[in-house]
Structure formats: structure tokens, C-alpha cells
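Residue-level structural notes
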Amino acid sequence: MKSISQLTDFYYKELYPDLQILEEKRKNIKKRVTSIGIIYLIFALLIALFIYQKLSLDTLFFFGVFALAGFKLLYSYLINDYNVDFKNKIIAPLIKEIDKQLHYAPQKHISLADFNHSKLFATQPDRINGNDYVEGTIDMIPIKFSDFHAEKKHKDSKGKEYWESIFIGLFLISEFPKNFHGDTVVLPDSAQKLFGDLIGSWLQSHNFSRDELVKMDNAEFEKEFVVYSTDQIEARYILTPLLMQKLLNYKKKTKHPIYISFIGGKIYLAIEYNSDMFEASLFHSLLEYKIAMEYIQTLHLAIGIVEELKLNQKLWSKI
């Protein structure tokens, strides 16, 4: 797989003509979005002032939410062509440059069945969306990932519906080179960080939405993660000292919460970004080094999971 420095050279050398065209397009769309946004805001404020005396605060609040949602739709419409061009001319070639065996589908995403099968989140979503689906093989290891957003519908005390995000980020699935039959789930350790070792450990062991708590012989790993499994012995067979260290290193590289599960011969990995990672930048130049590196490093991090965790090395035979 190509290194980050090789991909950076490719970005600025091979893709530069398309980047220049897209940069001019970005500047024009930015001016258009800014102008329309100012006009939209003025009209929204005028309407709000006009109806202020006639409506309750709750109604005004929902008017604000409606106005914001309306501008979000308008914004998406205004940048759509630019975003499509960016993905076709920049993201797609970058992915092919990383490995020719990878296939990119900007409008697709990981399936609901795959998301639920991972058992990473106790709550099953009522609504999902996503994009930037990548599928293929790295060193003969199948891999697929996409941006993914899962939501749950709730009702408040007044019966009004609202949506809560379960997960927003990058969701990845790959083959795992060990035979196992149970389910093992590795989650960010929020309980011990919030309540300390004693109370945190008690809360973890009484999490009735999860399988049996597994304590690992790695203090640093225990500080960052909590492990649940249907089989204590199998969990330790999967999570060797070497793999635990590699997961810790991978988390440090992502700088974001990560969720991992080992189910049905596969590893499921969710990286919580709370944003769409491969959307075209509108308010920052595509030629800026920092912006370029965000796209390159995110792609390299996702696809590099195979090499990072040594999934391509047959350290264990699968029979």
C-alpha cells in the first residue's frame, strides 16, 4: 500500500490540474452560498420579528429549527455539483492510487444488517444514511467501509418526536485471521474515566445490555477500553498482548473514540468522527496542506487497518 508521503505527492502532482479547476469552482460557490445565506438570514429574522407577538416561544423555537433545516437543504443543493466533482476527480483517484483492488461508490454505504450484526451499539437504529462506500481487497484480505450515520427516534414528555444520533463516523468491516465462534466486543471505557476504577468497574459488570465483562491483563488497555464477550477464554485468545497494543496504537492515530467487535470471523471497527469525512471543503482551500492531509490521512487510516493490525499476516491458521 502507498505511504502517506507518496499519496501527498500524487495529490499535488497528478491531481493538481483538477484541484485548480475545483478551487476556482469552490471560490465561486462560496461567494454564492455566503450571499444567499445573508439574504436567507435577513428574511428569517424579519419573519420572526413579524410573528413574535402572535406565537408562543415553543412555536418560535420550532420556526427557528425549520428555518435552519431549510437552509441546510438549500446549502446541500448549492454545493452538490461541486461535491460530486470533488469525489469523482479527487477522492476516487486517491483510493485507486492506494490500491487498484479497491472500488469506490460515493452514493452507497454500509448496510443496516452489517451495522446491527456488529453488536457495537446496544440500540438499533430507526434511520440510517451514509456515503463514500469503499470495497475490495488489501493483500487478499476483504475490506469494506463507508461514512455512516445511525439514528434512533424518541418522543419527549409532550409527545413530540425527535432524533438522537447513535453513531456518526467511519464504519469498517474486514476479515479476521483467527477462528472463533463467540462474540467479543471492545468499547471505549467511559465508566471508569467518569466514576473511577471502583464505581466504574461495578457499572461495567452490571451492564445488562452486554455479555460477560472480561478483564484484560494490560493496564493501559483496560484504561482505554472495556471488553464484553460470550466466551472469556476466546476473548483472550483473540485479544493477544500484541493485538491489544496495536489497537491502542491505532486509537492514538485516529484521535477519536473507536469501537471494535469480533463476530463471525470478521472484525468490525467504528471510528466516531461526528462529521462526513470525505465531503469537499467549501470554506478552506483544497490546495491547503492541512486540508489535503485530512483527506489523505483518513483514507490511509481506514484502508491501512489491514497492515496496522497485521490482518494480512497468517499468524494463525483458519481451519
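Here, every reference points to the structure presented above.
Residues numbered from 1 in each chain as written. Predicted model: local features only at pLDDT ≥ 70, side-chain atom pairs only at ≥ 80, totals over all residues. Heavy atoms only, no water.

Let us now look at the packing of aromatic side chains. Evaluated as defined, the whole model comprises 14 aromatic pairs. Each residue in the set F115, F121, F148, F167, F171 and Y259 is aromatic and connected to the rest through ring pairs, giving one cluster. Cation over ring: R127 sits above W163, and NZ or CZ is 3.8 Å from the ring centre. (Phe/Tyr/Trp six-rings, centres within 6.5 Å; stacked < 30°, edge-to-face > 60°. Lys NZ or Arg CZ within 6 Å of the ring centre and 35° of its normal.)

At their nearest, the axes of helix 1 (residues 4–13) and helix 2 (residues 16–51) sit 5 Å apart, and the two run at 60 degrees to each other. Taken together, helix 1 and helix 2 sit at an angle that is classed as oblique. Residue-level inspection shows Y11, Y12 and K13 of helix 1 in contact with helix 2, the latter providing Y16, P17 and L19. (Axes fitted to C-alpha atoms, helices over the stretch in contact; angles between N-to-C directions. Helix = DSSP H or I, 4+ residues; strand = E, 2+ residues; numbered from the N terminus. Parallel < 35°, antiparallel > 145°, perpendicular 65-115°, else oblique. Contact = heavy atoms within 4.5 Å.)

Here the focus is helix 2. Think of an α-helix as 3.6 residues a turn; residues three or four steps apart then line up on the same face. Taking 1.5 Å per residue as the helical rise, helix 2 with its 36 residues ought to reach 52 Å, and the 51 Å between its terminal C-alpha atoms agrees with that figure. Every buried residue of helix 2 is listed here: L19, L22, E23, R26, I29, V33, G37, A44 and I51. (Expected span 1.5 Å × (residues − 1). Buried < 20%, exposed > 50% of the residue type's maximum accessible area, 1.4 Å probe, protein only.)

All right, on to the pairing of strand 3 (residues 141–155) then. The pairing of strand 2 (residues 127–138) with strand 3 spans ten bridges and is antiparallel. In the strand pairing of strand 3, V134 is matched with F145. What sits between strand 2 and strand 3 in their antiparallel hairpin is a turn of two residues, with D139 showing a positive phi close to 50 degrees. Where strand 3 meets strand 4 (residues 161–175), 13 bridges bridge the pair, whose relative direction is antiparallel. (Pairing = 2+ DSSP bridges.)

Time to look at helix 8 (residues 241–254). Over its 14 residues, helix 8 extends 20 Å from the first C-alpha to the last, a length consistent with the 20 Å expected when each residue adds 1.5 Å. Turning to helix 8, its buried residues are L243, M244, K246, L247, L248, Y250 and T254. Among the residues trailing helix 8, K255 stands out with phi positive, at a value near 60 degrees.

Turning our attention to the nonpolar core. Ranked by size, the top nonpolar core spans 67 residues in total, and within it Y11, L94, F221, L239, I260 and F262 carry the most contacts. When residues of this core are assigned to their parent elements, the largest contribution, ten residues, is made by helix 3 (residues 57–98). Setting aside residues up to four positions removed in sequence, Y11 forms contacts with Y16, L19, I90, L94, L286, A292, Y295 and I296. Among the nonpolar cores identified, the runner-up in size contains 21 residues, and F171, L187, L213 and I263 belong to it. (Core = buried A, V, L, I, M, F, W, Y, C linked by side-chain atoms within 4.5 Å.)

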